[in-house]
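Geometric and topological summary
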Amino acid sequence: YIFREFAVTPAISTYLFTCIAGPFEHFISQRKPGEGFPPMRIFMRKSLKKFVESYADEFFNITECGIKFYETCFGHKFPFSKYDQIFCPEFNIGAMENAGAVTFTESYIFKDPPTEEHMMFFVDTILHELSHMWFGDLVTMKWWSDLWLNESFASFISNLCM
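Residues numbered from 1 in each chain as written. Predicted model: local features only at pLDDT ≥ 70, side-chain atom pairs only at ≥ 80, totals over all residues. Heavy atoms only, no water.

What follows concerns the overall build of the protein. Along its length, the protein carries 4 helices and 5 strands. Counting from the amino terminus, the protein carries its helices and strands in the arrangement β-β-α-α-β-β-β-α-α. Radius of gyration (C-alpha) of the protein: 16 Å, near the 15 Å computed for a compact globule of 162 residues. In terms of principal-axis extent, the alpha carbons of the protein reach across some 45 × 40 × 35 Å. In the protein, which comprises 162 residues, the share counted as buried stands at 41%. Considering only contacts in the protein between residues 6 or more positions apart, those separated by 24 or more positions represent 61%. Surface accessibility of the protein: about 10,100 Å² in total, with carbon and sulfur atoms responsible for 59%. Looking at the protein, you have 13 positive and 20 negative side-chain charges, and the mean spots of the two groups are 8 Å apart. (Helix = DSSP H or I, 4+ residues; strand = E, 2+ residues; numbered from the N terminus. Rg over C-alpha atoms; globule rule 2.2 N^0.38 Å. Buried < 20%, exposed > 50% of the residue type's maximum accessible area, 1.4 Å probe, protein only. Contact = heavy atoms within 4.5 Å. Areas by Shrake-Rupley, 256 points an atom, 1.4 Å probe, with all protein chains shown as cover. Lys, Arg positive; Asp, Glu negative; His and termini not counted. Charge placed at Lys NZ, Arg CZ, Asp CG, Glu CD.)

Okay, here's the thing in structure tokens:
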């Protein structure tokens, strides 16, 4: 057995917790710790790594640009100690924000060169979910009846960021 010990997690809404387990492969952002970005990784199944490899650097670049924009826009540094983006098999929705991590459906893995429209939709999803790190995760609505505000603002601000 391998045991891992983690730092104490700040209080978060229960729906933001995720536990991802499996034999995943990953890419690690080559940014150095002093460059102002959290450690970032992209996870996927081994059989899909060759497809993600072709745009992993662009994926990190989009994420970094989004972090810079949101930190400036919201006047608050990225609120978590790391940022993982995970392509999950059999994930039935497009993407879901969690504290310091986003899960994506594998349908976002391009096996053929994406059209400009598909790429823009993917960039919008990356930035939408990233915006939730501030608006939705750091600050969460009081009750589910206000979820529309969380999602509407994320859609607005991700398009502004683009």
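Attention now goes to the nonpolar core. It is characteristic of soluble globular proteins that their nonpolar side chains tend to be buried jointly. Formed by 34 residues in total, the largest nonpolar core has its most connected members in Val-52, Phe-87, Phe-104, Phe-122 and Leu-130. Put simply, the parts of the chain that give this core at least two residues each are β2 (40–45), α2 (56–74), β3 (83–88), β5 (101–105), α3 (116–131) and α4 (147–161). (Core = buried A, V, L, I, M, F, W, Y, C linked by side-chain atoms within 4.5 Å.)

Before going further, it helps to examine α4. Between the first and last C-alpha of α4 there are 21 Å, a value that for 15 residues agrees with the 21 Å anticipated at 1.5 Å per step. Of all the positions in α4, only Asn-150, Ala-154, Ile-157, Ser-158 and Cys-161 are classed as buried. In an axial view of α4, the angular spread of the buried residues amounts to 105 degrees, which keeps them on one side of the axis. Contact partners of the buried residues in α4: α2, β4 (95–98) and α3. (Expected span 1.5 Å × (residues − 1). Arc of directions from axis to C-beta.)

What follows is about the pairing of β4. Across the two faces of β4 the burial is the same, with Ala-95 and Glu-97 and Met-96 and Asn-98 all buried. Judged from the 4 bridges that link them, β4 and β5 form a sheet pairing that is antiparallel. Residue pairing in the sheet places Asn-98 in a bridge with Ala-101 of β5. Hairpin connection of β4 to β5: 2 residues between the antiparallel strands, including Gly-100 at a positive phi of 75 degrees. (Pairing = 2+ DSSP bridges.)

Positive phi is not limited to glycine here, since Glu-90 has a value of about 60 degrees. With respect to the helices and strands, the residue Glu-90 is situated in the loop between β3 and β4. Its relative accessible area of 81% is what places Glu-90 among the exposed residues.

Overall, mixed pairing links the 5 strands, which are arranged β1-β2-β3-β5-β4 in an open sheet. Here the strands that pair on one side only, and so sit at the sheet edges, are β1 (24–28) and β4. Each strand axis lies, on average, 20 degrees off the axis of its neighbour in the sheet, ignoring direction. Bridge count between β3 and β5: 5 bridges; the pairing is parallel. The partner of Gln-85 across the bridge, within β5, is Val-102. Helix-sheet contacts for α2 involve β1, β2, β3 and β5, and the interaxial angle to β2 is about 140 degrees. (Axes fitted to C-alpha atoms, helices over the stretch in contact; angles between N-to-C directions.)

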